[in-house]
There are 2 protein chains.
Amino acid sequence: MELVSTERPVRLADARTSAALAAANPTISDVARLAGVSKKTVSRVINDSPQLRIETRKRIELVIAELGYVPNLQARSLATGRNSLIGLIHDNPNSQMILGVQQGILEAIRETDFALVIRPVDRGSPGMMDDVRRFLDRQRLYGVMLLPPISENDELAQHCAELGCRYVRMGSAPLDDDAHSVSSNDAEAVAEATRHLIGLGHRRIGLIAGPHGFRSAAERRVGFLAALAEAGVTLPPGMTVRGDYRFDSGIAAASRLLDQMPPPTAILACNDEMAAGALHAARQRNLTVPRDLSIVGFDDTSTAAHVWPPLTTVRWPIQAMGRSAARKLLAGSEPRMDGVTQPSVLPSELVMRASVGPPAMS
Amino acid sequence: MELVSTERPVRLADARTSAALAAANPTISDVARLAGVSKKTVSRVINDSPQLRIETRKRIELVIAELGYVPNLQARSLATGRNSLIGLIHDNPNSQMILGVQQGILEAIRETDFALVIRPVDRGSPGMMDDVRRFLDRQRLYGVMLLPPISENDELAQHCAELGCRYVRMGSAPLDDDAHSVSSNDAEAVAEATRHLIGLGHRRIGLIAGPHGFRSAAERRVGFLAALAEAGVTLPPGMTVRGDYRFDSGIAAASRLLDQMPPPTAILACNDEMAAGALHAARQRNLTVPRDLSIVGFDDTSTAAHVWPPLTTVRWPIQAMGRSAARKLLAGSEPRMDGVTQPSVLPSELVMRASVGPPAMS
DNA sequence: TTGTAGGCGTTATCAT
DNA sequence: ATGATAACGCCTACAA
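Residues numbered from 1 in each chain as written. Chains lettered and ligands numbered in written order. Predicted model: local features only at pLDDT ≥ 70, side-chain atom pairs only at ≥ 80, totals over all residues. Heavy atoms only, no water.

Asks: What exactly am I supposed to notice about the overall build of chain A here?
Replies: When you go through chain A residue by residue, the secondary structure sums to 13 helices and twelve strands. At 28 Å, chain A has a C-alpha radius of gyration far larger than the 21 Å of a compact globule built from 362 residues. Overall, the C-alpha framework of chain A stretches about 90 × 50 × 40 Å when taken along its three principal axes. In chain A, which comprises 362 residues, the proportion classed as buried is 54%. (Helix = DSSP H or I, 4+ residues; strand = E, 2+ residues; numbered from the N terminus. Rg over C-alpha atoms; globule rule 2.2 N^0.38 Å. Buried < 20%, exposed > 50% of the residue type's maximum accessible area, 1.4 Å probe, protein only.)

Asks: Where do I start with the interface of chain B and chain A in this structure?
Replies: Facing the 40 residues of chain B at the interface are 40 residues of chain A. Its largest share of buried area at the contact with chain A, chain B owes to B:Gln74, B:Arg138 and B:His306, together 18% of the area lost on that side. At the boundary of chain B with chain A, the tally comes to four salt bridges. For A:Arg138, the salt bridge identified is with B:Asp113, shortest N-O distance 2.5 Å. Between the two partners, chain B and chain A, sit 16 residue pairs in polar contact (both at pLDDT 80 or more). Counting residues per element, the side of chain B that touches chain A draws most heavily on helix H5 (residues 95–109) of chain B, which supplies six residues. Classifying every residue of the side of chain B that touches chain A gives 21 nonpolar, twelve polar and seven charged. Where strand E2 (residues 115–120) of chain A meets strand E2 (residues 115–120) of chain B, three bridges bridge the pair, whose relative direction is antiparallel. Within E2(B), the position partnered with A:Ile118 by the bridge is B:Leu116. (Contact = heavy atoms within 4.5 Å. Buried area = accessible area lost by both parts, 1.4 Å probe. Salt bridge = Lys/Arg side-chain N within 4 Å of Asp/Glu carboxyl O. Polar contact = N/O pair within 3.5 Å; in protein donor to acceptor, adjacent residues only side chain to side chain. Nonpolar A, V, L, I, M, F, W, Y, C, P; charged D, E, K, R; others polar. Pairing = 2+ DSSP bridges.)

Asks: Where do I start with the protein's contact with DNA strand C in this structure?
Replies: The immediate surroundings of DNA strand C are formed by 26 residues, with A:Thr41, A:Thr56, B:Ile28, B:Ser43 and B:Tyr69 found nearest. When atoms of DNA strand C within 4 Å of the protein are sorted by moiety, sugar and phosphate together comprise 62%. A distance of 2.9 Å separates a phosphate oxygen of DNA strand C from a polar side-chain atom of B:Asn47. For the surface near DNA strand C, the secondary structure elements donating two or more residues are helix H2 (39–46) and helix H4 (73–80) of chain A together with helix H2 (39–46) and helix H4 (73–80) of chain B. When its residues are assigned to classes, the surface near DNA strand C shows eleven nonpolar, nine polar and six charged. (Near = heavy atom within 4 Å.)

Asks: Looking at this model, I keep getting lost on the sheet that holds strand E9 (residues 294–299) of chain B. Mind explaining?
Replies: Sheet strands associate in pairs through backbone hydrogen bonding, adopting either a parallel or an antiparallel arrangement. Residue and element names in this part refer to chain B. Read across the open sheet, the six strands follow the order E7-E6-E8-E9-E10-E12; overall the sheet is mixed. The open sheet has two edge strands with one neighbour each: strand E7 (240–242) and strand E12 (349–351). Within this sheet the neighbouring strands show an average axis-to-axis angle of 20°, counted without direction. Across three bridges, strand E8 (residues 266–269) lies against E9 in parallel orientation. Considered in E9, the bridge of Ile267 is made with Ile295. (Axes fitted to C-alpha atoms, helices over the stretch in contact; angles between N-to-C directions.)

Asks: Sorry if this is basic, but what is going on with the environment of A:Val233 here?
Replies: Residues and elements named next belong to chain A. Within the secondary structure, Val233 sits in the loop between helix H9 (215–231) and strand E7 (240–242). Remark: the alpha-carbon pair of Val233 and His202, spanning 31 residues in sequence, is separated by 9.6 Å. In this view, Val233 contacts Ile198, Arg203 and Leu228; residues no more than four positions away in its chain are not counted.

Asks: When you look at the relation of the copies chain B and chain A in this model, what are you seeing that I'm missing?
Replies: Laying chain B over chain A is done by rotating through 180° and shifting 0.1 Å along the axis; what remains is an RMSD of 0.2 Å. As the rotation angle and translation indicate, the two copies are arranged about a two-fold axis. Among all residues of chain B, the one whose C-alpha sits closest to the rotation axis is B:Val117, at a distance of 2.2 Å. An overlap of 100% is found between the interface residues of chain B and their copies at the interface of chain A, pointing to a shared contact surface. (Least-squares fit on C-alpha atoms with pLDDT ≥ 70 in both.)

Following this line, the structure appears as C-alpha cells:
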C-alpha cells in the first residue's frame, strides 16, 4: 500500500494542453467546452449528421481524438429509449451450432455499436417462459434472435412482440413472415441427399429421424419421404426409426434398422451425432462402411469430418443464417444498414465424403 | 394503415383501478406516485435497502407487482456509473470450449441482473488490440473474462486494468494473481496421463505437442517430460513433434512419429482434435488401436467419445472454470455474492476409455 | 449551420 | 425512516 500515490496525479505541466480541462472519462460536455461549441453540435458529429460545416466537424473530431472521448452507450440508450444490445436465445443445441450462429451474428454487427448478449434457456422447465420474459423485461434489448428448437415456440415470439422487442426466428423451414424468419430448407436438402443414395442404386434406405416435436425432424423426414415417392421407391416396414439427436440414440436406432431382414444398404441419419452413432453400430456388427452400409449425416459438424470414414453429410448454413438474421434485426437501426434485403431462406449443400458408396451386390 | 387505431386505447372503465394512472412502461415515478411515497423510497425497495418500515415496503411491492414495473437497467447504469454486463472475450478456441465456459458463466449469473456479452477477436490480426480496446471503451462492461489463448496476452490484461474494467483470465496455469486468474493445472493432468501409460508398460511414448506460443502447449509438454523424468524413462530422439491443435496436424504429426524406428507404442496428443487425427493416421497404416498403438487426448470434447475407439483423454474443467471466473468477477457486486472465495485452480480428471491398453510384446 | 431547454429513469447527497 | 433536489450523459424539440 503506497500512501503517497494518487490514482490520477494532477500534472501541472499539462496546463498548456487543453486536455488538462478534461476528466478521466471525458463526456460530450467536455468535448463541447473544449471545442467551443454546444453539446448538440458534438452530438451531431458523433451521429454523422450531415448538416454540419465541414470545418466545424474537423475541429470537433480533433478534440474528440485528443481527449479520447467515447460516447456513453448507456446514456444514449436512456435518451433514445433503445439500447445497442441484441440477444441470442437458445436452448441446448449442439455447440457447433451455437458457435456458428454467433460468428454469423458477429460478422453482421462488426463496425456497429451493437453487442451480442447470450441467453440459454431450459425449454423443458416450467419456469422457462417466465425466465425469458424476465430477461427481456429487464435487459430491454434492441431485438433478439431465436435459435431452434426454442424458435419454434409461438408463445415466445408472441411475448417478444408484446414486449416491443424485435425478433427473428431461425429454423429448418420458415417459421414466421419474412421479416421475422430466417431458415434453411431442410426438406429439400434431405431430399437431395436421398436422391443421391437412390442414384447410386440404394433401394432399402433406413431413416434415423429426429425427436418428436422438433420442426427440423419433421422437415427432414418429409424431404426423405418425398424423394422416395418421387423415385417410386417403396420402403419395407421398419425402415424408419426415431432418435433424439444424440450419439447414443444413433447407435440404438441403427441397431434396430440393421436387425431388419433384409437390412438397409444405406442409412440417412437426421444429424451428424446420430450418424456417428450409426457408424459405431455398423462397426459393432463388423460391417464395413461404405461397402456394406452407406451412412449420411446432417449438419456438417466437425464430428462428421473426423470420424472414420468421414461422413457424407448436409452442410447446414447456420453461420449464414446467423448473419442474415442479425442483419434483418438491424435493418433500419442505421441508415446504411437497410440497403439490401436479407435472404430469408438459405441454401444447404450436400458434402460428399467417404461414408457413401453404391450398395453391394445382393 | 388504419387511421383510427391507437396503440393503447384509453379504457375508461379502468378509472377505478390505480393502474389507469400508469404508462405502458411504468417507471419508478409511477410507482412512487401510486404508492404515495418518494422515488427514493421505491429505489430503496428495489435495491433491498434495510432501512425501511416493513409495511411501507409491502405496500410498494404491491404497487410494483400491480403495475408490472421493471427497473430500467440502462438508467441505473447511467446513475451508478457501472452497468450490469459482463463480457467474454475469446479467440477461436473450439466450440465445445466456448459452450462450456458460457454455461459455467451463466450458472454464476443466474438470479442476478447481469447479462453475458460475447466478443470473439482475431488474435492474429494487427488491429486486434485496437478492436478490443474500442469494444471495452464503448460497452463499459462491469468486467470481462478472458479465455485462452487470448487470456495469455499481458498487454490486453493491462488494457483492461487501465480502462477500469475488471477482468479474470482463464488458462492452463495461473496467469495472474488469484483475484484475476482461474486455471486448470494442465502440467499435472498430463503428467498423470503419462504416468498411466508408463504404468501400463509403455516406454516409447510419442508426444504431439501444441503450437508454439500457447501456454497450454507449454504446460502440457512440461507435464509430459516431468512424468517421464520422474519414472526414469529416456525417450529416443524424434518422439516429440508439434501440431497446431487441429485435426490435420494430428494426422501429420502422428505419421512422423510412426515413421520412427522403432515407432512409439503410445501417443499422447495435446488435444482431442489431434488425437482424432492420430487415430486416422493409425488406421491408414492398418494399426489397431489400442493393440498396436495407444492414444491419449486432452479436453474431453464430444469428439473424444464419438470416434472409434473412444479416446482416453483428460477432462478439462472448462465449465467449472467459467463459473468460478464469473463468480470472482461478481464478488462484491452484490452483498450476497462475496461470501465464499472462489477457487483459482480447478482439477482435471483422466477419463479412461478404449484407446489405451498395454503395449504389444516386442 | 448551430444553440437552448428539457427530459430519459435511476441513484446519491443531504436533508428532515 | 423518508424525501427533495441534483446529478449521470445523451438526445429531441424547437428556436435562432
